[in-house]
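Take a look at the letters that make up each chain.
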Amino acid sequence: ALGKKPKLLPIPTTLLRLAGKLTGKSAQIDRLLGSLAIDSSKIRDELGWQPVCTMQEELAKMAKAIKE
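Position numbers for residues count from 1 along each chain, tracking the sequence in the order it is written. Thresholds applied to this predicted model are a pLDDT of at least 70 for local features of residues and 80 or more for the giving and counting of side-chain atom pairs; totals over whole chains, interfaces and linings are not thresholded and use all residues. The basis for the side-chain values is all heavy atoms of the structure; hydrogens and waters are excluded.

## A closer look at the pattern of salt bridges
Proximity of charged atoms lets side chains of opposite charge pair with each other. When a carboxyl oxygen of Asp or Glu is within 4 Å of a side-chain nitrogen of Lys or Arg, the pair counts as a salt bridge. If you walk through the whole model with that rule in mind, you get two salt bridges. A salt bridge links Arg 17 to Asp 30; the shortest N-O distance between them is 2.8 Å. Pair noted here: Arg 17 is in helix H1 (residues 13–23) and Asp 30 is in helix H2 (residues 26–33), with a separation of 13 residues, a long-range link. The closest approach of N and O atoms between Lys 61 and Glu 58, which form a salt bridge, is 3.3 Å. Highlighted residues: Lys 61 and Glu 58, both in helix H4 (residues 55–67), separated by three residues, approximately one helical turn. Between buried and exposed lies partly exposed: a residue is buried under 20% and exposed over 50% of the maximum accessible area for its type, with that area taken using a 1.4 Å probe on protein chains only. Of the residues examined, Lys 61 reaches a relative accessible area of 47% and is grouped as partly exposed. Going along the chain from the N terminus, every DSSP run of H or I of four or more residues is numbered as a helix, and every run of E of two or more is numbered as a strand.

## Remarks on a nonpolar patch on the surface
Residues enter patches when they are more than 30% accessible in relative terms and free of salt bridges; like-charged ones are connected within 9 Å and nonpolar ones (Val, Leu, Ile, Met, Phe, Trp, Tyr) within 5 Å. Areas reported as accessible are Shrake-Rupley estimates using a 1.4 Å probe. Residue values count occlusion only from the protein chains shown. On the surface, a cluster of nonpolar side chains totalling about 530 Å² of accessible area is made up of Leu 9, Ile 11, Leu 15, Leu 18 and Leu 22. As for its position among the elements, Leu 18 is in helix H1.

## Overview of the environment of Lys 7
Inspection of the secondary structure puts Lys 7 in the segment before H1. The exposure class of Lys 7 is exposed, given its relative accessible area of 83%. Between the C-alpha atoms of Lys 7 and Lys 42, which are 35 residues apart in sequence, the distance is 36 Å.

## Details of the environment of Asp 45
Positionally, Asp 45 belongs in helix H3 (residues 41–47). Its relative accessible area of 60% is what places Asp 45 among the exposed residues. Note: C-alpha distance between Asp 45 and Lys 21 (24 residues apart in sequence) is 41 Å.

Shown next as structure tokens:
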């Protein structure tokens, strides 16, 4: 949304998992590498709530505000 490419360093997941085992941080590595997707449809239906904007729209608004 800011028009910049992220600076990412490719690290194999096997190397991260090994580092987690060696440092006793396996649970944290599993959370980091696991799925971050959630399904909020049940609570939205129960509460009758719908977002007024999409995530992409909100990210664009934030990026615009940062640039100003």
